[in-house]
Amino acid sequence: HMRGINAETDIVGQTRRFEGIENEHVKLVAAEVRSHLDRSRPYLLTSDDLEFIVEFDNEVPGRNIDVTLELFNEYGIQVCMFGTLCSPEGLLARGTHRCTAIFPGNILNAGRYFVHMHFGLDQRYVLLRKENLLTFAVEDGVTARGAHFTRFAGVIHPPTAWTTQQ
């Protein structure tokens, strides 16, 4: 298990606050990654649904603001990109907003991950970008795997249902 905290990973379940990451349109306030079902646990398992939280101040009222997260593994390979329009009507009010994404468990392999983030306007323009918004480690959540006790090869670690017939 990789439960040791080091300077290269954020503490899971602890909000990371930001200062000075802003412009006239948007200000990044805070971000966090944690287990969706066990929010107090200080580590993440491959089986966990992950909860990503981004808090920001919007200074462009009545516009279509979006938040996009890009997930990279420890080898610099982009695992995926996901995002949302912050207002379904496309008219986000001025003020502080909090976006939460639930990333399904049983997809990520064990290892370290990096999250880059950007705020967009009208799904055309990048308002603000923050690389390495969050850095976190995921531990292998498989409790029994026979004689194989190492990390599975590959970027993802999907659950698979097997049957054996004769």
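What you see is a predicted model; the values in this text were computed from it and never measured.

1. Let's talk about the environment of L92
By the secondary structure assignment, L92 is in the loop between strand 6 (78–85) and strand 7 (95–103). Sequence separation between L92 and N64 is 28 residues; the distance between their C-alpha atoms is 6.3 Å. In this structure L92 touches F56, N58, V60, P61, G62, R63, I65, C86, S87 and H97, once residues within four positions along its chain are discounted.

2. Quick word on the confidence of the model for the chain
Averaged over all residues, the pLDDT of the chain is 87; the fraction at 70 or higher stands at 88%. Low confidence marks residues 1–7, where pLDDT is under 50. Its contacts with residues over four positions away, or in another chain, come to nine contacts.

3. Some remarks on the sheet that holds strand 8 (residues 111–121)
Reading across from one edge, 3-9-8-5-6 is the order of the five strands in this open sheet, with mixed pairing throughout. If you trace the sheet from one side to the other, it starts and ends with strand 3 (44–45) and strand 6, each paired once. As defined by bridge partners, strand 5 (residues 65–73) adjoins strand 8 across nine bridges and the pair is classed as antiparallel. By the bridge assignment, T68 is partnered in strand 8 with H118.

4. Structural notes on the environment of L44
You can see L44 is positioned in strand 3. Placed 93 residues apart in sequence, L44 and A137 show a C-alpha to C-alpha distance of 6.9 Å. For L44, the residues in contact, after removing those within four places along its chain, are V12, V33, R34, S35, L50, F136, A137, V138 and E139.

5. Some words on the pattern of salt bridges
Applying the stated rule across the entire model yields 10 salt bridges. A salt bridge links R39 to E51; the nearest nitrogen and oxygen atoms lie 3.0 Å apart. Here R39, found in the loop between strand 2 (26–35) and strand 3, pairs with E51, found in strand 4 (residues 50–58); they are 12 residues apart in sequence, far enough to count as distant. On the basis of relative accessibility, which here comes to 2%, the residue E51 falls in the buried class. Measuring nitrogen to oxygen at the nearest pair gives 3.6 Å for the salt bridge that ties E131 to R129. Looking at E131, the relative accessible area reads 46%, which means it is partly exposed. Classification of R129 as partly exposed rests on a relative accessible area of 37%.

6. Side note on the sheet that holds strand 1 (residues 16–17)
Pairing is antiparallel in the open sheet, where four strands are placed in the order 1-2-4-7. Two strands lie at the open edges of the sheet, namely strand 1 and strand 7, each paired on one side alone. Where strand 2 meets strand 4, nine bridges bridge the pair, whose relative direction is antiparallel. Within the sheet, the bridge partner assigned to V26 lies in strand 4 and is N58.

About the thresholds
- Residues numbered from 1 in each chain as written.
- Predicted model: local features only at pLDDT ≥ 70, side-chain atom pairs only at ≥ 80, totals over all residues.
- Heavy atoms only, no water.
- Helix = DSSP H or I, 4+ residues; strand = E, 2+ residues; numbered from the N terminus.
- Contact = heavy atoms within 4.5 Å.
- pLDDT = per-residue confidence, 0-100.
- Pairing = 2+ DSSP bridges.
- Salt bridge = Lys/Arg side-chain N within 4 Å of Asp/Glu carboxyl O.
- Buried < 20%, exposed > 50% of the residue type's maximum accessible area, 1.4 Å probe, protein only.

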